[in-house]
Amino acid sequence: GKEQDMLLEVDNTVLQGNVVEIIGHTEPGAALIINGEPVASIQSDGQFRHFLPPMPKGSYEVIITGQNRRGGTATKRLQVVIP
């Protein structure tokens, strides 16, 4: 089936100790969930920043799911490593 029905891009991931910040953009008005938590700070132009909770050392898969106003969805999977 179609998975990329909407715009969802990860522009950068920033590691700050054991906290990962995810920076990206999506469609204006879209809703995002990262690892089960809603993203509250989506700008009117679709830019977003989200901090994951602190994580112990290891490798993790981060799942970003979005839905736009037309019902389209997109999912991105990221691998992050906490050294």
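Look up: the structure comes first, before these words.
Undergrad: What exactly am I supposed to notice about the sheet that holds strand E6 (residues 58-67) here?
TA: Taking strand neighbours across the sheet as the criterion, the 4 strands line up as E4-E3-E6-E7 in an open arrangement whose pairing is antiparallel. What marks the edges here is a single partner per strand, and that holds for strand E4 (37-38) and strand E7 (73-82). By the bridge criterion, 2 bridges tie strand E3 (residues 31-34) to E4 in an arrangement that is antiparallel. Directly across from Ile34, in E4, lies its bridge partner Glu37.

Undergrad: What's the story with the sheet that holds strand E2 (residues 19-26) in this structure? I'm lost.
TA: Sheet strands pair via backbone hydrogen bonds, and the direction of the pair is either parallel or antiparallel. The 3 strands are arranged E1-E2-E5 in an open sheet whose pairing can be described as antiparallel. Edge positions in the open sheet fall to strand E1 (8-16) and strand E5 (47-51), since each of these has one partner strand only. When strand polarity is set aside, the average angle formed by the axes of neighbouring strands in this sheet is 20°. Pairing of E2 with E5, which is carried by 5 bridges, proceeds in the antiparallel orientation. Its bridge partner being in E5, Ile23 is matched across the sheet by Arg49.

Undergrad: Would you mind going over the side chain of Thr26 with me for this structure?
TA: Along the chain, Thr26 turns up in strand E2. Of the polar contacts made by the side chain of Thr26, one reaches the backbone oxygen of Leu7; its length is 2.7 Å. Contact partners of Thr26, with chain neighbours within four places excluded, come to Met6, Leu7, Leu8, Leu32, Ile42, Asp45, Gly46 and Phe48.

Undergrad: Explain the environment of Gly66 here, please?
TA: Along the chain, the position of Gly66 falls in strand E6. Contacts of Gly66, omitting those with residues within four sequence positions, involve Met6, Leu8, Ala31, Leu32, Gly72, Thr73 and Ala74.

Undergrad: How should the pattern of salt bridges be read in this particular structure?
TA: Side chains carrying opposite charge are able to pair once their charged atoms draw close together. Within this structure, the stated rule accounts for 3 salt bridges. Here Arg49 and Glu21 are joined by a salt bridge, their closest N and O atoms 2.9 Å apart. One end of the pair, Arg49, is in strand E5; the other, Glu21, is in strand E2, and 28 residues separate them in sequence. Glu61 serves as the salt-bridge partner of Arg77, at 3.5 Å between the closest nitrogen and oxygen. With Arg77 in strand E7 and Glu61 in strand E6, this pair connects stretches of sequence that are 16 residues apart. For Arg77, a relative accessible area of 54% translates into the label exposed.

What counts and how
Residues numbered from 1 in each chain as written. Predicted model: local features only at pLDDT ≥ 70, side-chain atom pairs only at ≥ 80, totals over all residues. Heavy atoms only, no water. Pairing = 2+ DSSP bridges. Helix = DSSP H or I, 4+ residues; strand = E, 2+ residues; numbered from the N terminus. Axes fitted to C-alpha atoms, helices over the stretch in contact; angles between N-to-C directions. Polar contact = N/O pair within 3.5 Å; in protein donor to acceptor, adjacent residues only side chain to side chain. Contact = heavy atoms within 4.5 Å. Salt bridge = Lys/Arg side-chain N within 4 Å of Asp/Glu carboxyl O. Buried < 20%, exposed > 50% of the residue type's maximum accessible area, 1.4 Å probe, protein only.

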